[in-house]
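What the coordinates show
Chain residues, written in single-letter form:
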Amino acid sequence: MANVIKLRKGLNIHLQGEAAETKLSLKSNGKYALVPDDFEGVTPKVVVKEGDVVKAGDALFVNKQYPEVRFASPVSGKVTAVERGERRKVLCVKVEADKEQVYVDYGKKEAAKMDGKAVIDALLEAGIFGYINQLPYAVSTNPTTLPKAIFVSALRDKPLACSFEMEVKGQEQDFQTGLTALSKIAKVYLGVGPDSALLNVKDAEVTVFDGPCPAGNVGVQVNHLNPVNKGEVVWTIGDPTVVLFIGRLFNTGKVDLRRLVALCGSEVKTPCHVEMLVGEELGTLLSNSYDSNHHVRVINGNVLTGYLTSKEGFLGAHSSEITVIPEGDDADEFAGWIMPRLKQFSVNRSYFSWLQGKKRYALDARIKGGERHMIMSGEYDRVLPMDIYGEYLIKAIITGDIDKMEQLGIYEVSPEDFALAEFVDSSKLELQRIVREGLNNLRKENA
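In this report, we go over the structure that sits alongside the text.

About the thresholds
- Residues numbered from 1 in each chain as written.
- Predicted model: local features only at pLDDT ≥ 70, side-chain atom pairs only at ≥ 80, totals over all residues.
- Heavy atoms only, no water.
- Helix = DSSP H or I, 4+ residues; strand = E, 2+ residues; numbered from the N terminus.
- Expected span 1.5 Å × (residues − 1).
- Buried < 20%, exposed > 50% of the residue type's maximum accessible area, 1.4 Å probe, protein only.
- Contact = heavy atoms within 4.5 Å.
- 1 Å grid on protein atoms, 1.4 Å probe; cavity = no way out; pocket = protein on both sides within 12 Å on 5 of 7 lines; lining within 4 Å.
- Points joined across faces, edges and corners; volume = space filled by probe spheres on them.
- Nonpolar A, V, L, I, M, F, W, Y, C, P; charged D, E, K, R; others polar.
- Phe/Tyr/Trp six-rings, centres within 6.5 Å; stacked < 30°, edge-to-face > 60°.
- Salt bridge = Lys/Arg side-chain N within 4 Å of Asp/Glu carboxyl O.
- Pairing = 2+ DSSP bridges.

Focus on helix α5 (residues 241–252)
- Over its twelve residues, α5 extends 16 Å from the first C-alpha to the last, a length consistent with the 16 Å expected when each residue adds 1.5 Å.
- Of all twelve residues in α5, ten are buried; the element is thus mostly enclosed.
- All of the buried residues along α5 are Thr 241, Val 242, Val 243, Leu 244, Phe 245, Ile 246, Gly 247, Arg 248, Leu 249 and Phe 250.
- Taken together, the buried residues of α5 touch α1 (116–126), β12 (150–153), α2 (164–168), α3 (172–183), β15 (234–237) and β16 (258–264).
- One or two positions beyond α5, positive phi appears at Gly 253, with a value near 80°.

Here you go:
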């Protein structure tokens, strides 16, 4: 019987445009790109050049600091561009896919008979090791430091999240193989929701997290099961599709980066699920999916942690949603915030909409206020189900007080843990950016 942890703190934001339990077949336009920024903490060194022909599974770039960590091409085809930005920063490596896909054959492997080193070597060789993250610092991990445990969250509970239960259906064997392979490296903790179909998996300690968002955050689960202290490392997989990537590699010998993506949001005409490859261009998915006359924001990921994109963008390595919501820059409201209203969501019951229960809202991208002095009101704590003082930690990061940061638990957090706090923050601070900068500075100090 799985352990159950009930969480009281948090907030479920009910938005319009949830993807229906239908799967739309999509014909790709053949344009793909792998974006190094999707792998936090990786400094890329490109190992291909324009005009090269690659197979699915060949490396496009490596981590400069750990060259054995390779990042595989999702498709076979021709490298069409290596795009660079300021100071020659690598923005993406573009590949035009062949009509008939050719895969590098890494050979089928029986995970149950392998040891931890053999599993790590197989993941490094195939170019999917970099999809595993770590705490502290919430960055793509490296193979030189073994973890005390590996945490996998199979609970997606952010607004309009893609259903992992729907994605894993029919792929249970691949998921089990992935867990078995990871269990050879360290003890595996699997976090699931109360109604999950994954309660009886093997080679992992299953824990049910029963509570509002962000119960599905892998950082929250680490905090409740086996907190990270200074000097310790745990590997984290907050995107459970990565376990499927690993399982498919061992079961087929091929790199298969297919994932289920929810096309969702209040501006989408027909919200649905679509099967796509990591790095696939979004133009085909987004063509005619929303009214182009409306001012909209297209988000690569979910509304809390995703980033701005467009039809020319590419599916992020860890993105399980493409969300389209109103931009809000053309909104014209009589009397502004002072009017009583029923169509606006409010955490602190400023509007009468709280009387309407679980009504779904069409929220836009406006911040509705400017940045101001930080108010120590305890509002972060209400949506942060972790044993840390969120407001004091943010103040320590802003002031650059490293000793205070360490005492207040910065090694246990990642930017996504503060996504809800950023949503409810009356000071309008960019908390996720602040936490990321704090983690980066601490990483440099401890290097």
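Digging into empty space enclosed by the protein
- Under the definition given, this model contains one cavity of 30 Å³ or more.
- What lines the largest cavity is Lys 23, Glu 167, Gln 171, Arg 248, Arg 258, Arg 259, Leu 260 and Glu 275.
- With three residues, the top contributor of residues to the lining of the largest cavity is β16.
- Residue composition of the lining of the largest cavity, by class: one nonpolar, one polar and six charged.

Thoughts on the packing of aromatic side chains
- Under the definition given, this model contains twelve aromatic pairs.
- Judged by centre distance (5.6 Å) and plane angle (80°), the rings of Tyr 131 and Phe 245 are edge-to-face. Taken together, the positions of Tyr 131 in the loop between α1 and β10 (133–135) and Phe 245 in helix α5 put the pair 114 residues apart, joining distant regions of the chain. For the pair formed by Tyr 131 and Phe 245, the shared burial category is buried.
- With a centroid separation of 5.6 Å and 55° between ring planes, the pair formed by Phe 164 and Phe 175 is classed as tilted. In this pair, Phe 164 is assigned in helix α2 and Phe 175 in helix α3, connecting sequence segments eleven residues apart. Take Phe 164 and Phe 175: they sit in the same class, and that class is buried.
- An aromatic cluster is built from Phe 39, Phe 61, Phe 71, Tyr 131 and Phe 245, whose rings are joined through pairwise contacts.

A few points about unusual backbone geometry
- Here the bond from Leu 135 into Pro 136 is cis, since omega is 5°, no more than 30 degrees from zero.
- Looking along the chain, the bond that leaves Cys 213 and enters Pro 214 is cis, with omega of 15°.
- Structurally, Pro 214 is set in the loop between β14 (205–210) and α4 (218–225).

With respect to the pattern of salt bridges
- In the structure shown here, the tally under the stated rule is 22 salt bridges.
- Its salt-bridge partner being Lys 117, residue Asp 121 comes within 2.9 Å of it at the nearest N-O pair. A residue pair is termed a helical-turn pair when its members lie 3 or 4 positions apart in one helix, as Asp 121 and Lys 117 do in helix α1 at four residues.
- Given the relative accessible area of 35%, Asp 121 is considered partly exposed.
- With relative accessibility at 57%, the residue Lys 117 sits in the exposed group.
- Connected through salt bridges with shared partners, the residues Arg 156, Glu 167, Asp 239 and Arg 259 form a single ionic network.

A closer look at the pairing of strand β9 (residues 90–97)
- Where strand β3 (residues 31–34) meets β9, four bridges bridge the pair, whose relative direction is antiparallel. Considered in β9, the bridge of Leu 34 is made with Val 93.
- Of the strand pairs in this sheet, strand β8 (residues 77–84) and β9 are connected by seven bridges, and their pairing is antiparallel. Residue pairing in the sheet places Val 82 in a bridge with Val 93 of β9.
- The loop that links β8 with its antiparallel partner β9 comprises five residues; one of these, Arg 87, has a positive phi angle of about 55°.

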